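Chain residues, written in single-letter form:
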Amino acid sequence: MSITRFVHAADLHLDSTFRGLRSADPEVSAILRAATFTAYDNIIDLCLQERVDALLVAGDIYDGKDRSLPAQLHFLRGLRRLDEAGIRSFICHGNHDPLDGWEARLAIPPGCHRFGDDVAAVPIDPAEPHGAVVYGVSFPRQDVRENLARRFRRDPRHLYAIGLLHANVGANTGHEPYAPCTLEDLERAGIDYWALGHVHTRSVLREQDPTVVYPGNSQGLHRNERGARGVYLVDVGDDRRARPSFHPVDVVRWAATTLNIAELDGEQALLDGLEERAAELRDAADGRHVIGHVRITGRGPLHAWLRRPDMEEDLRAHINNAFKGHAPILWCAVLDIESAPPFDREERRQAQDFLGDVLRLVDEIHAETTPPPWLREYLKPFYGQGRVRRFLADDALSDTELLRLLDRAEERCVEAFLADEAAAAEVSE
Amino acid sequence: MNLLRLHLSGFGYFADLSLPAGDGERIHPNLTVIHGPNEAGKSTLLTFVRYVLFGFPARERDRRYPPRAGGRHGGRIELEDDDGRRYVVERFAGRKGGALIVTAADGGREDPAILPRLLGHASPDLFNNVFAFDLDQLRNVTSLQQAGVTDSIYSAGLGSAGLPQVMAHFESARREVYRPQGKTQPVARTIADLQAVDEALDELADAASQYGGHLDQLEQVQSALVETDRGRARAEKARARLERLHQAWPDWVALGELEERIHAIAERPDFPSDPLTRLESAEQRLAAAGTRKEQEQAEFARWEREVAALHIDQGLLDDEAAVDALRRSHDAFAQSLKDLPERRAEAETLEREIQLALRALGPEWEPERADRFDTSLPVRTELREQAQALAASERDAREAELRREAALQALREAEEARDLAAAAVAAIPAPLLDAEALRGRRAVLTAVREQLTRVASARDLRRQETQRLTELQVQQPALKPAPAWRRPEWITAAALAAAVALVVIVGVLAGGVALALGIVGGVLLAAAGGLIWRRAAQSAPDPSAWREFDRTLAVQGERRRDADEAVKEQETRLATLGAEAALDAVESIRDVEAAEEIVEGMQRQFEERRQREAEVRTAARRLPALRRRQEEADHRLADAARSQENAQTAWTAWLEAQGLPATMRPDGVADLFGRLDTLHATQRQLHDRRRRAAAIEHDIDEFATAALSLIERRCPERQRLAPAEIGPAVEALIAAFDESRTAAQRKAHLDQQVTEARRRLTAATADCAAAERALQGLLTQGRAEDAAEFRKIAAEQAHRAKLLRRANELRMALTQRSGPGEALAAFRRELAATDAARLERERERTKTHLVEQARRHDDLTTRQAQLQLQIANLEQDARAAELRERRVVLQEQLAEQAQEWVTLTLAGALLEQARHRYEEDRQPAVVHRAEDYFAHITNGRYPQLKAPIEEHEIEVMQRDGERKPTDALSRGTQEQLYLALRFGLIEEFADRSARLPVIVDDILVNFDPERATRAAEALRQLSRSNQVIVFTCHPRIVDLFNEVSPGVATIPLPDWR
């Protein structure tokens, strides 16, 4: 016997577009467009199959700014299926789908409860008002900086309390600090299970007293969102202990691989290596479609060949052609050529010449805690332009990215000087 | 680091060359001048040093100085570091610049990475521009723009001559990606695309916000549609009712009228059904049966007539077998009658031919003998053998005769030849000398001829010696020595004494002018004396020569005597040889030639006689053999004659055996055989013809017997027929038989027809009676007297039935419109209660109402479809998804472009910052050092250099403090400035990194002598810190360095040419 059994999902981002794609052919586009919907359908199927008591969705069901009707309609269809099966559903809204955001005027099924802008407590089974109860609150608007967790107060009469909240616990970098709170805040509220949303990488922040869980998003949408994505099926036993088990529901998986050119002895070896790596990605994806991110790294003579125009596109096409027509699909969406010419940097760094000066300068910059301001000064003509910044996915260059590009700039200098030296050795006699 | 020795394995025209050449020698650690004429290979050496230290060019076609004189392309350089450790650096052309081997002094392998350390990590660019350069590089720099010069020289100092180009490349590349106000660069284009996508997405978002309104409107339209549909259904029902009444009204009126007319006609329920058809059928059946009966009667009569007309000869038909036999052999009989005369005529012709052939053979040849005579193959073979034997014996006899005649002829010819040769021998006289004596005489004459030559030579020598002796004797008086006083030294001394005396005398006596004249005269005397002495000294005879001449004369006399003796000796020998050759006297060569002529004549005579004698001997030797041949030929002729005789005897015997005349020759017998063969063939043909004629006669008789027998039986009136008549009679009989047989067959067929016609006539008569009975039965059933009455009753009953059917149809139509049962009753009540005009008014009203309802329904349906489409579009939202995808791709593109721009910008920034640091940290020291060198080279004319930071240019300060930009300097001075700058860089590099050897190739040739000297001093100065190697092809430059640095090390280049 158990007190309750529910599925905890979050960040469905229905009908959201895959980011970081440099191209996709029509077949791939169709699969990607359907991916968030299919992942959601998989959640509904899981609920029906497992005969759970309820589905909990902790915000960011869809992106309000996209005003996607298909997203909202599809979501409701899923809820209706649950309702027809007698499974209840509880939803709260997050920063991407706040209450004041655009929403089609659609009726939610009677078995579904949508939390408003103040914390409410709703029993999973109306027949047992003091059994398992879901507490929840929605974002009234996108930019909520208030610690919403502090509004939660458990009613001691309730047998088991579940908190449904879209929030940023701790200093989770890489995510906007909406509804920020700490583990201590969550602990103080007296809730037994915190069903959180917002952070896209799944994690169990605390096993017990209270159990604090981010299920992550149900479908990876960015090359940084690699690996299996899904939901937690939570079984709360009579001992009032929650036992969450992860169930992947994603349709398409992002996967990354790296090929080092240092050991490769020719162009064919590189092409073969790329195909091998891609095949490994596909084989590791548990039978799902794979969107690959391939990085070519290392120093070697092949770098000269890789630097030819359109090479990145050509290599991507090579991989994609090799796997075309196979199901599940493998699509190399991003291929980064980060290789470098064969060059002993350490040796050259010691030379008392200009290139040595340049290499030492780069090392000095890396040694600083943050890049020197004069470096960013050079970039103002670009990043100072509102017209440009408006369209950049990341409107400011992070320090990490800046240093990565600095290394790339160093490689360009090395290339230019090596070519120059080779020319000098041949011409200036 | 210093270079110690270069070893070129194969490089240009150098092969296996060491420099310096001697074992144990090395390049001087300070200053060395390597000199040689143009094309001696200075540039080759410079390149060699660069390649070995920094690697060969990667591409083979760029590698200069491939080995022209053998050896492997490359070599090794011995060098030492600043601590005196020695290394050998070896490199040959190959991949990646050529494999590098570094060995230490002890022969152990070093890590090749030691070389960059030894070179202070100098780049090839730096080394090529600053440490090892030639006049062209020095000049090229001056031809650049001002800023370019400083850039180049500094960037070379930095280790990269291409820095300005690299920086410019980065700048232009990043401007190609993005410009703040640009419109065509990739970034601008991507942003424009993004803006367009966003605008499209905004439009779609506006449409989406109308979704709720659309749903409300759809709801209203749908409920209005439901209401309209209900009203329309009601109106439709009323309209249908009215329509039914309206349509039923004419039927309703007609039904009333019909019911009245039916009632007026009496009903006859037992009247036959379908009465008129049945009546007509019975009447037609009766008529048809009567007609058929008449036809059958006529047919029967016709068959009977035809049977009666047939004629048949049954007796002839009974003889069918005999008739058929005659029919079969009738054609053969006709042919036999035709063939018999022909065969008889052929037999007669053959008999005549046989008679003629026998007559041609001769009277003794009876037909029987000819028939008996055997010409078979064995007899013919005997004939051929006999003929061949006879012909062979005759041929042998002829040949034997011919051979005998030939042998006789040969014998006669040999005897004649012998006799002719013997006569010729007798005609030639016998020789005086034999062959041996003739050979001896010829040899002696040859010796005489040679001795004559030797006598002539001896006489010539004697004449020459005599002449020379005569010449010497003529010279003898002129060579006698002169007396002492006439010798020139004495004359000269006298002249001098006279001159002195003259001067003294005049001086003592006259003084003044006379003294002067005296002095002049004295001088003249002295001069004359001197002149005489000089000339005499040139021509005066030498006593030793005189003594030598006497000796010569004596010797010549001796040689003349020897020659005389030799002449006598040779003449004596000639006389002896002449006697031996039987010559009386030998005066000249002609005597010898005459004697030789005589000897030659004797020789010719001797040779001819000997040849004739040989001919006689040869002929005599042949004669016995020829006589033997003649005898053999005689024997053979006798044998052949015997053989021929035997053959003739055998032939005669064979002829006798055959019964033929003995005079016949084989060809005659062969001809006879041929004729007899022909005769035999003709006899066989004759026999055959006679046999066939007999057979034909037999056939004719047989046929005639059979035919006459039948004719007698069937036609007794036609007996005794001639053979020619038998054929036509038989033909007539066969024709009569065929006619009777055809008639008999026809009669059998007609009998069948008559029987069948009789059966049909009986049936037709029965049919006729039955039809009559049926017609009567029908009239009785209809209770009619006759057919006319029957027809009248039938017409009345048919009309009544028609009225009844029509009334039923009308009732059915009413039922269909109303429905059966109570509905029909109600419908009839409604019809009974209304009238036509009232019905029409109600219908019009209902129709108008319905049209209005339909129009409203269509409007609502259209609106509903529009709203549903709009809602479906919004719900599917495919366009928005596509646009969002496109936005992501564009954003990714923009991010990539941004990364590219940032990368290029940061690359430029790194170079700029590094350069800035260099200018701040190192450039002042370089300029300061260069300043010293430049001031020295220009002898203090330009004591200072200014290189403001970041201005990228150098200015020179004159002694008076005035500044001059470099382009205001002369070309030579510019070259000196950049030489000085290089020296500054070299010293700066030495301080910071390593002391590298400096190699310059004829860089001083454009400097004036003073500045060249000062530049050479500067190089000497530099050589205190860095090894300096100067290449030159000018001896004056070598001298110059010797002046500024006495005893400087020099190495001449070997002349490979």
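If you're wondering where the values come from, they're calculated on a predicted model, not measured in any experiment. (Residues numbered from 1 in each chain as written. Chains lettered and ligands numbered in written order. Predicted model: local features only at pLDDT ≥ 70, side-chain atom pairs only at ≥ 80, totals over all residues.)

Undergrad: Even after reading the chapter, I still don't get the overall build of chain A, so can you show me in this structure?
TA: Looking only at helices and strands, one finds 12 helices and 17 strands in chain A. Scored against the burial criterion, the 429 residues of chain A give a buried share of 46%. Sequence-distant contacts in chain A: of pairs separated by 6 or more residues, those separated by 24 or more amount to 71%. (Helix = DSSP H or I, 4+ residues; strand = E, 2+ residues; numbered from the N terminus. Buried ≥ 20, exposed ≤ 12 C-beta atoms within 10 Å, placed from the backbone. Contact = placed C-beta atoms within 7 Å.)

Undergrad: Explain the overall build of chain B here, please?
TA: When its secondary structure is counted, chain B shows 28 helices and 14 strands. Across the 1057 residues that make up chain B, the buried fraction comes to 23%.

Undergrad: How do you make sense of the pairing of strand S16 (residues 289-297) of chain A when you look at a structure like this?
TA: Two faces make up the sheet, and in a regular strand the side chains alternate between them. Residues and elements named next belong to chain A. Relative to S16, strand S15 (residues 252-260) is paired through 9 bridges, and the arrangement is parallel. The residue of S16 that forms the bridge with Arg253 is Val290. Direction of pairing for S16 relative to strand S17 (residues 330-337): parallel, over a ladder of 7 bridges. By the bridge assignment, Ile291 is partnered in S17 with Trp331. (Pairing = 2+ DSSP bridges.)

Undergrad: Looking at this structure, how should I read the interface of chain B and chain A?
TA: Accessible area lost upon the coming together of the parts is a frequently used measure of interface size. Contacts between the two partners involve 71 residues from chain B, matched on the other side by 60 residues from chain A. Only helix H1 (42-54), helix H3 (124-131), helix H5 (146-158), helix H6 (163-177), helix H7 (186-209), helix H8 (211-263), helix H23 (836-876) and helix H24 (878-921) of chain B provide two or more residues apiece to the side of chain B that touches chain A. No other element matches H24 of chain B, which puts 25 residues into the side of chain B that touches chain A.

Undergrad: I would appreciate a short explanation of the packing of helix H9 (residues 275-308) of chain B against helix H20 (residues 723-781) of chain B in the present structure.
TA: Each pair of packed helices can be described by the angle between their axes along with the distance between the axes. Residues and elements named next belong to chain B. Relative orientation of the contacting elements H9 and H20 amounts to 160 degrees, with a least axis distance of 8 Å. Overall, the two elements H9 and H20 adopt an arrangement that is roughly antiparallel. Pair H9 / H20 crosses with left-handed handedness. Partitioned by chemical class, the residues of the contact of H9 with H20 number 17 nonpolar, 4 polar and 15 charged. (Axes fitted to C-alpha atoms, helices over the stretch in contact; angles between N-to-C directions. Parallel < 35°, antiparallel > 145°, perpendicular 65-115°, else oblique. Left-handed = near helix turned anticlockwise from the far one by under 90°. Nonpolar A, V, L, I, M, F, W, Y, C, P; charged D, E, K, R; others polar.)

Undergrad: Mind showing me how you'd approach the sheet that holds strand S2 (residues 54-58) of chain A here?
TA: By definition, the strands of a sheet pair up through backbone hydrogen bonds, in either a parallel or an antiparallel sense. All names here are of chain A. Reading across from one edge, S4-S3-S2-S1-S13-S14 is the order of the 6 strands in this open sheet, with mixed pairing throughout. At either end of the open sheet lies a strand with only one pairing partner, and these are strand S4 (112-114) and strand S14 (242-248). Shown here is a sheet whose adjacent strand axes are inclined to one another by a mean of 20 degrees, direction ignored. Here 3 bridges tie strand S3 (residues 88-92) to S4, and the two strands are oriented parallel to one another.

Undergrad: Explain H6 of chain B to me, please; I cannot follow it from the model alone.
TA: In an α-helix, one full turn covers 3.6 residues, which means residues spaced three or four apart are oriented alike. Along its 15 residues, H6 of chain B runs 21 Å from first to last C-alpha, staying within 8% of the 21 Å computed at 1.5 Å per residue. Among all positions of H6 of chain B, only Leu163, Pro164, Val166, Phe170, Arg174 and Val177 of chain B are buried. (Expected span 1.5 Å × (residues − 1).)

Undergrad: Can you help me understand the confidence of the model for chain B in this one?
TA: Close inspection of predicted coordinates is inappropriate for parts of the model with low pLDDT. Residues and elements named next belong to chain B. For chain B, the mean per-residue pLDDT works out to 83, and 91% of the residues sit at or above 70. This stretch, residues 143-147, has a pLDDT under 50; its non-local contacts, to residues over four places away or in other chains, come to 8 contacts. Of the two predicted TM-score estimates for the complex, the pTM is 0.50 and the ipTM is 0.86. (pLDDT = per-residue confidence, 0-100.)

Undergrad: What is the right way to read the nonpolar core from this model?
TA: When a protein is soluble and globular, its nonpolar side chains tend to lie buried together. Among the nonpolar cores identified, the biggest contains 145 residues, and Leu55, Leu56, Ile162, Leu164, Leu165 and Leu196 of chain A together with Leu910 of chain B are the most heavily contacted of them. No other element matches the 14 residues that H24 of chain B contributes to this core. With sequence-adjacent residues up to four places away left out, Leu164 of chain A is seen in contact with Leu56, Ala58, Phe90, Cys92, Phe115, Val134, Tyr135, Gly136 and Ala195 of chain A. Among the nonpolar cores identified, the runner-up in size contains 77 residues, and Val102, Phe131, Val927 and Leu1004 of chain B belong to it. (Core = buried A, V, L, I, M, F, W, Y, C linked by C-beta atoms within 7 Å.)

Undergrad: Explain unusual backbone geometry to me, please; I cannot follow it from the model alone.
TA: When glycine is set aside, most residues are seen to have a negative phi, and most peptide bonds are trans. Residues Asp209 of chain A and Pro210 of chain A are joined by a peptide bond in cis, for which omega reads -10 degrees. Counting through the fold element by element, Pro210 of chain A comes out in the loop between strand S11 (203-206) and strand S12 (211-214). The omega angle of the peptide bond from Ala327 of chain A to Pro328 of chain A is -5 degrees, so this bond is cis rather than trans. Looking at where Pro328 of chain A falls in the secondary structure, it is placed in the loop between helix H6 (311-323) and S17. Located in the positive-phi region is Asp16 of chain B, a residue other than glycine, with phi close to 50 degrees.

Undergrad: Mind showing me how you'd approach H20 of chain B here?
TA: Residue and element names in this part refer to chain B. Along its 59 residues, H20 runs 91 Å from first to last C-alpha, staying within 8% of the 87 Å computed at 1.5 Å per residue. By the burial criterion, the buried members of H20 are Ile726, Val730, Leu733 and Phe737. For H20, the secondary structure elements touched by its buried residues are helix H10 (314-318), helix H11 (320-361) and helix H19 (666-714). The positive-phi residue at the C-terminal boundary of H20 is Arg783, with phi of around 50 degrees.

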